[in-house]
Amino acid sequence: MRAERSITRRGVGRVSLLFGALCVIGCAAPARDLSPWLPLGGGDAAAFEGISSVELEHLALISTNLVSVLVQLPEAPPSSATLQLSEPDTAFGNTLVRALEEAGYGLQRVEADQGARYVAYRRSFAETDAGPVAEYELIVGDIVLRREYVSEDGRVLPSSLLSVDGSEAAPTDLVLDDTVFAEQGGEGAAFISGIRAADGTAAVDEVLVEASGPRSLERRADRYEVLSAASRRAALAATEDHPPSPLDGLERVRRTVLIFDDSETRRMGAANKRAVRLLVRDTAAEDLFVITACTAADGRDEAARARGARVIEEFLGHGVAPEAVRLAPCVRASYRHATDDSPVPVEIVQYRRSRGAG
Amino acid sequence: MVGRRLALALLATSFGGCAHVGPGGHGSVMGGPGAGEAQAPGTAESVMLDDLARALEQLRTPRITTVQLSRGAEPLAEAFVSRLAEAGYGVQRVDADQGAHHVSLERRALESASGSPLVRLELEVGTVTLARSYRVAGEAVQPASALAVGGTRREVGVDDTRFRATTDAELARVEYVGDVDALEQTPLISLITDEVVHGVAREASGAPSHAAVNSGRVEVTNLFHGDSGAFGALRETLELADRAIIVFANDSMRLGSDGKRLVERFAEGFREDSDMIGLIGCSNGKTALDIGNEGLALGRSRRVAEALVVLGIPPEAIIDEGCWAPVGAGDRFPSRGVVIEILRRGS
């Protein structure tokens, strides 16, 4: 009995040592932080198992690249489009959902493939005479975005034009920010950049990779910034009114002035939001809202432009058509000092088709 | 034998203990804790969030509604939105306060009349507000108030059976509330029609003013002058479904019990999907008050508008105008009263 207990104790001692060793070996490595790639609303971390952080960064880059074009399509503006999707269980699916979230899309989980804007995606590999190529595809309802990429020397680069199908947007209207790939470095290498529409029209360019070598991850363009810049650019392109177009046949009906707390904020606040709701409530066919956010004396003010874009977003979020909202160019009426952070105004004037006007 | 089992158990523990999924964790899309989010709420908080979510589902249909959540929102709001995502709501992450259904959720610590601590959750989803107090003891939670519903008159069923059997059945009900102070903070929406410009001249000449500001901070025209009003385009899309006149005492803005009953009747008959409530506050004839006919007319319509908002009518569903003059308006408008109408969109 004593011998047995002794063996057991020895066994426990050995096991304790083994456990300790396992803990040292197995637990010494810090937990990998998956938060840069997982969807903000939850995702499948198991889909990232066995995939290096470098590969995940590549997938995130590709997802951002595809979504940065999607946000510019008039059929899927992030401010008013809700996309349907199933729970992703692949690494690419997870990084893609993250990019859609970052772009500001409303995402709705569905059990099957319900919805007019159901999100599907595919990654396929091919062995070609030019070497192995991976093709990535993003499908949102009738829209299909497709592009090939190659991985080499620890970086991922586009190897084809980005093709867009199912959209009325012309390739020349879309901005493809491929410089994010160049940040990976590559000693003067170049890759093809551009967009091809379904009818064959294309806008083609070439991007040179920085000869100075790769930028550190911290110094690379923030994916969220890339997506919001693309989204804002598209929204402003559709609504910015420069030079001002004629308002023939329209008469001014109402005017209001929204006050933002400071010159940098994009937060409208409850009172301003209510004013927009009241204006939207009483909107007739062909009404036009002209928004003047910039009163800089030199005619340029990016913060004011962002406030104007924010007000436009609010109108679009209430279902107002993009063609019914215009962002007016700067009105040279202010002597505001650059350091002035006092509340700033945004004027909205509602125009209505004159009775009897054609 | 014991040692082998122990070793296996420890191995399992070791691997289990080492397994990790990073801060993002493993959860459903938009349904579980996501990247960089805080931990999921405890049982008591989950029960409270579920209580509010079930009420919201009756007010805003999940499959056709997308809610907005600001980046960097508190973990409680994140958890609530995850619960909404599970129910089928779309979720949009925004950098400020964009959207028609922007979510904000606050948790406040209160004290009951008997001195016991209470938790009050105050939820805003666009124009709808939900608030309720709870008594929390460890993981157990019970309602400590009725469910306060604002910005809507839709019927909400309260099912408190998920709480303990000792829950006060008297609290399983809805109280419709409204915040009339919010109306005051809206930026002024002014009219810029030619008639208003002419009205300024008329006012200077001693004739009744041509325009003034209503309870919703929207400038409206004086219907005494016979135009189609500030909401002409909106009214053209609506049909009259019900109409009554709330009579006020001379030079008074007191609604009185009869007036309150009439307002309640209109609130009961209001259909949120299709209706608006039109108000025309009137003061036609001599007045001894300093605010004059204009102040009296719009003060009366404001009084009725506030009563409607307090009953849960959304402020955006009220269009109040006025008719004022130092002389009678004949049969067109009452001398001292508010015309209240239900205006309905055609089917």
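Since the model is a prediction, treat every value here as computed from it, not as a measurement.

**Some remarks on the overall build of chain A**
Piece 1. Across its full length, chain A holds 7 helices and 13 strands.
Piece 2. Sorting the 358 residues of chain A into buried and exposed places 48% on the buried side.
Piece 3. Within chain A, contacts between residues separated by at least 24 positions form 70% of all contacts whose residues are at least 6 apart in sequence.
Piece 4. Carbon together with sulfur atoms contributes 52% to the accessible area of chain A, which is approximately 17200 Å² in total.

**Brief notes about helix α8 (residues 292-310) of chain B**
Piece 1. Look at α8(B): 27 Å from first C-alpha to last across 19 residues, which is about the 27 Å you get at 1.5 Å a residue.
Piece 2. Count one or two residues on from α8(B) and you reach G312(B), which has phi positive near 100°.

**Examining the nonpolar core**
All names here are of chain A.
Piece 1. Counting residues in each nonpolar core, the largest one holds 56 residues, and the members touching the most others are L66, V67, L70, Y105, L138 and L145.
Piece 2. The dominant element in this core, judged by the number of residues it contributes, is helix α2 (residues 53-70), at 9 residues.
Piece 3. In this view, L66 contacts F92, Y136, L138, L145, R147, Y149 and L162; residues no more than four positions away in its chain are not counted.

**A word on the domain arrangement of chain B**
As a measure of interface size, the accessible area lost when the parts come together is often cited.
Residue and element names in this part refer to chain B.
Piece 1. Looking at the assigned domains, one finds that chain B contains domain 1 (17-182) and domain 2 (187-344).
Piece 2. Counting from both sides, the interface comprises 11 residues of domain 1 and, opposite them, 13 residues of domain 2.
Piece 3. Buried surface at the junction of domain 1 and domain 2, summed over both partners, amounts to about 920 Å²; 47% is from carbon and sulfur atoms.
Piece 4. The largest per-residue losses of area from domain 1 upon contact with domain 2 belong to R153, R154 and V180, which jointly make up 60% of the total buried on that side.
Piece 5. Between domain 1 and domain 2 we count 4 salt bridges in total.
Piece 6. Across the salt bridge formed by E272 and R154, the nearest N and O atoms sit 3.4 Å from each other.
Piece 7. Along the contact surface separating domain 1 from domain 2 lie 8 residue pairs in polar contact (both at pLDDT 80 or more).
Piece 8. Of the residues belonging to the side of domain 1 that touches domain 2, the class tally is 3 nonpolar, 4 polar and 4 charged.

**Here's the deal with the pairing of strand β2 (residues 90-94) of chain B**
Residue and element names in this part refer to chain B.
Piece 1. With 5 of its 5 residues buried, β2 lies for the most part within the structure.
Piece 2. Every second residue of β2 is oriented toward a common face, with G90, Q92 and V94 on one face and V91 and R93 on the other, all of them buried.
Piece 3. By the bridge criterion, 5 bridges tie strand β1 (residues 66-70) to β2 in an arrangement that is parallel. Residue pairing across strands places V67 opposite V91, the latter belonging to β2.

**Let's talk about the pattern of salt bridges**
Piece 1. In the structure shown here, the tally under the stated rule is 44 salt bridges over all chains.
Piece 2. Put simply, R146(A) and E137(A) hold a salt bridge, and the shortest N to O gap is 2.6 Å.
Piece 3. The class for E137(A) is buried, based on a relative accessible area of 4%.
Piece 4. The shortest N-O distance in the salt bridge between R93(B) and E78(B) comes to 3.2 Å.

**Describing the packing of aromatic side chains**
Residue and element names in this part refer to chain A.
Piece 1. Tallied over the entire structure, the rule returns 7 aromatic pairs over all chains.
Piece 2. Between F181 and F191, the ring centres sit 6.1 Å apart and the planes meet at 80°, which makes this aromatic pair edge-to-face. Separated by 10 residues along the polypeptide, F181 in helix α4 (residues 179-182) and F191 in strand β8 (residues 190-197) bring together distant segments of the chain.
Piece 3. Judged by relative accessible area, which is 0%, F181 ranks as buried.
Piece 4. Here F191 falls in the buried class, since its relative accessible area comes to 4%.
Piece 5. For the ring pair F289 and F315, a centre distance of 4.7 Å and an interplane angle of 35° mean the geometry is tilted. Note that F289 is positioned in strand β11 (residues 288-292) and F315 in helix α7 (residues 302-317), a separation of 26 residues in sequence. Each member of the pair F289 and F315 is classed as buried.
Piece 6. Members of the aromatic cluster, each reached through a chain of ring pairs, are F92, Y121, Y136, Y149, F181 and F191.

**Things to note about the packing of helix α5 (residues 223-239) of chain A against α7(A)**
Residue and element names in this part refer to chain A.
Piece 1. The contact between α5 and α7 brings their axes to 10 Å, and the two run at 80°. It follows that α5 is roughly perpendicular to α7 by the angle criterion. Residue-level contacts link R232, L236 and T239 of α5 to R305, A306, A309 and I312 of α7.
Piece 2. Among the residues making up the contact of α5 with α7, the classes are represented as 4 nonpolar, 1 polar and 2 charged.

**Overview of helix α2 (residues 43-59) of chain B**
All names here are of chain B.
Piece 1. In a regular helix each residue adds 1.5 Å, so 17 residues correspond to 24 Å; α2 covers 25 Å between its end C-alpha atoms and thus fits that length.
Piece 2. Of the positions making up α2, those classed as buried are A44, M48, L49, D50, D51, L52, A53, A55, L56 and L59.
Piece 3. Buried positions along α2 lie against α3 (75-87), β3 (103-111), β4 (117-125), β5 (128-137), β6 (140-143) and β7 (147-150).

**Regarding a nonpolar patch on the surface**
Piece 1. A cluster of nonpolar side chains, M253(B), L289(B) and I291(B), forms an exposed patch at the surface whose accessible area comes to about 230 Å².
Piece 2. Inspection of the secondary structure assignment puts M253(B) in the loop between β12 (238-247) and α7 (256-269).

**Things to note about unusual backbone geometry**
Glycine aside, residues mostly have negative phi angles, and peptide bonds mostly take the trans form.
Piece 1. In the Ramachandran plot, E286(A) falls in the positive-phi region, its phi being about 75° despite a non-glycine side chain.
Piece 2. A relative accessible area of 52% places E286(A) in the exposed class.
Piece 3. If you check the backbone angles, R217(B) has positive phi at about 65° while not being a glycine.
Piece 4. Its location among the elements puts R217(B) in the loop between β10 (211-213) and β11 (219-221).

So, how was this worked out
- Residues numbered from 1 in each chain as written.
- Chains lettered and ligands numbered in written order.
- Predicted model: local features only at pLDDT ≥ 70, side-chain atom pairs only at ≥ 80, totals over all residues.
- Heavy atoms only, no water.
- Helix = DSSP H or I, 4+ residues; strand = E, 2+ residues; numbered from the N terminus.
- Buried < 20%, exposed > 50% of the residue type's maximum accessible area, 1.4 Å probe, protein only.
- Contact = heavy atoms within 4.5 Å.
- Areas by Shrake-Rupley, 256 points an atom, 1.4 Å probe, with all protein chains shown as cover.
- Expected span 1.5 Å × (residues − 1).
- Core = buried A, V, L, I, M, F, W, Y, C linked by side-chain atoms within 4.5 Å.
- Domains from an automatic or database assignment.
- Buried area = accessible area lost by both parts, 1.4 Å probe.
- Salt bridge = Lys/Arg side-chain N within 4 Å of Asp/Glu carboxyl O.
- Polar contact = N/O pair within 3.5 Å; in protein donor to acceptor, adjacent residues only side chain to side chain.
- Nonpolar A, V, L, I, M, F, W, Y, C, P; charged D, E, K, R; others polar.
- Pairing = 2+ DSSP bridges.
- Phe/Tyr/Trp six-rings, centres within 6.5 Å; stacked < 30°, edge-to-face > 60°.
- Axes fitted to C-alpha atoms, helices over the stretch in contact; angles between N-to-C directions.
- Parallel < 35°, antiparallel > 145°, perpendicular 65-115°, else oblique.
- Patch = residues over 30% accessible without salt bridge, like charges linked within 9 Å, V, L, I, M, F, W, Y side chains within 5 Å.

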